[in-house]
Amino acid sequence: MLQENSFEIIHLFELLSMEGGESLFKEMADSFSSINKDVEIFFKEKAVQSCKLNTSSTYIIVSTNRNLEVLGYFTLATKMLTIKLSTLSKSEQKTINRYGYYDEDSDSLKIPAILIAQLSRNFSSKIILSGSDLMDIILKQVKSILNLTSGKTVFLECEKIKNLTDFYESQHFKFLDTKLLSKDSKELIQMYRLI
């Protein structure tokens, strides 16, 4: 487990509002490497624009011991989530129904939720940030955001790769029966979790 005092979370929006912040971010991003090249490209080339357009919020996890070395990052966004009633237990239906509305046409609940749009650890870092540590950090941030607003639901979209979905299941995410296509025609699935 990564020690609480060995890292800090920098909100990209705040970094960009500082003088020279965009240059500092570029320097930080240059050392970032992910096994998922789409996630790496987003961080290096699209996160700043997405932040400026206010379509998502990127958070950078940096080491406090090693000159702000990037350990990982994640990007969050608010999005409407559609959940078919048949995929929820009665207690989940009762909980989620408080935050959204029932759509009779699709027999589903529509709720505003936090989307974990991107996440990755830095595979070129000398300090190892485990996937579980990264998810713990993300979920604490999501809980903080939900406490400031409302809601209880977080979700993500990922490729149906067994190691990946097994990891998310170990983090208490559940499958939705929704199938999506990414911009480059990869099949994606949605998984959700109540906080």
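These figures come from a predicted structure and were not determined experimentally. (Residues numbered from 1 in each chain as written. Predicted model: local features only at pLDDT ≥ 70, side-chain atom pairs only at ≥ 80, totals over all residues. Heavy atoms only, no water.)

(A) View of the pairing of strand E2 (residues 57-63). With 7 of 7 residues buried, E2 is to be regarded as a mostly interior element. Where strand E1 (residues 7-11) meets E2, 5 bridges bridge the pair, whose relative direction is antiparallel. From the neighbouring strand, Ile10 faces E2, where its bridge partner is Ile60. Note that E2 and strand E3 (residues 70-84) share 6 bridges and pair antiparallel. Bridged to Ile60 within E3 is Tyr73. (Buried < 20%, exposed > 50% of the residue type's maximum accessible area, 1.4 Å probe, protein only. Helix = DSSP H or I, 4+ residues; strand = E, 2+ residues; numbered from the N terminus. Pairing = 2+ DSSP bridges.)

(B) Spotlight on helix H2 (residues 21-30). The set of residues buried in H2 consists of Gly21, Phe25, Met28 and Ala29. Relative to the axis of H2, the buried residues are bounded by an arc of 95° and lie together on one face. Of the exposed residues in H2, the ones pointing more than 90 degrees away from its buried face are Ser23, Lys26, Glu27 and Asp30. In this structure, the buried side of H2 is in contact with E1, helix H1 (12-17), helix H3 (37-52), E2 and E3. (Arc of directions from axis to C-beta. Contact = heavy atoms within 4.5 Å.)

(C) Broad picture of the packing of aromatic side chains. In the structure shown here, the tally under the stated rule is 7 aromatic pairs. Plain terms: the ring middles of Phe32 and Phe43 are 4.8 Å apart, the flat faces sit at 55° to each other, and that makes the pair tilted. Remark: Phe43 occurs in helix H3 and Phe32 occurs in the loop between H2 and H3; sequence separation between them is 11 residues. Consider the rings of Tyr59 and Phe74, whose centres lie 5.1 Å apart with planes at 15°: the pair is stacked. With Tyr59 in strand E2 and Phe74 in strand E3, this residue pair connects regions lying 15 residues apart in the sequence. Like Phe74, Tyr59 is buried. Linked through ring pairs, Phe25, Phe32, Phe43 and Tyr73 together constitute an aromatic cluster. The residue whose ring lies beneath Arg121 is Phe123, and the NZ or CZ to ring-centre distance is 3.9 Å. (Phe/Tyr/Trp six-rings, centres within 6.5 Å; stacked < 30°, edge-to-face > 60°. Lys NZ or Arg CZ within 6 Å of the ring centre and 35° of its normal.)

(D) Seen up close, the nonpolar core. Among the nonpolar cores identified, the biggest contains 24 residues, and Ile116 and Phe173 are the most heavily contacted of them. Going through the elements one at a time, E2, E3, strand E5 (108-121), helix H5 (131-148), strand E6 (153-159) and strand E8 (187-194) are the ones with two or more residues in this core. Here the element with the most residues in this core is H5; it accounts for 7 residues. Beyond its immediate stretch of four places on either side in the chain, Phe173 contacts Ile116, Met135, Leu139, Val154, Phe155, Leu156, Tyr168, Met191, Tyr192 and Arg193. If you look at the next biggest cluster of nonpolar residues, it comprises 17 residues, including Ile10, Phe25, Ala29 and Val48. (Core = buried A, V, L, I, M, F, W, Y, C linked by side-chain atoms within 4.5 Å.)

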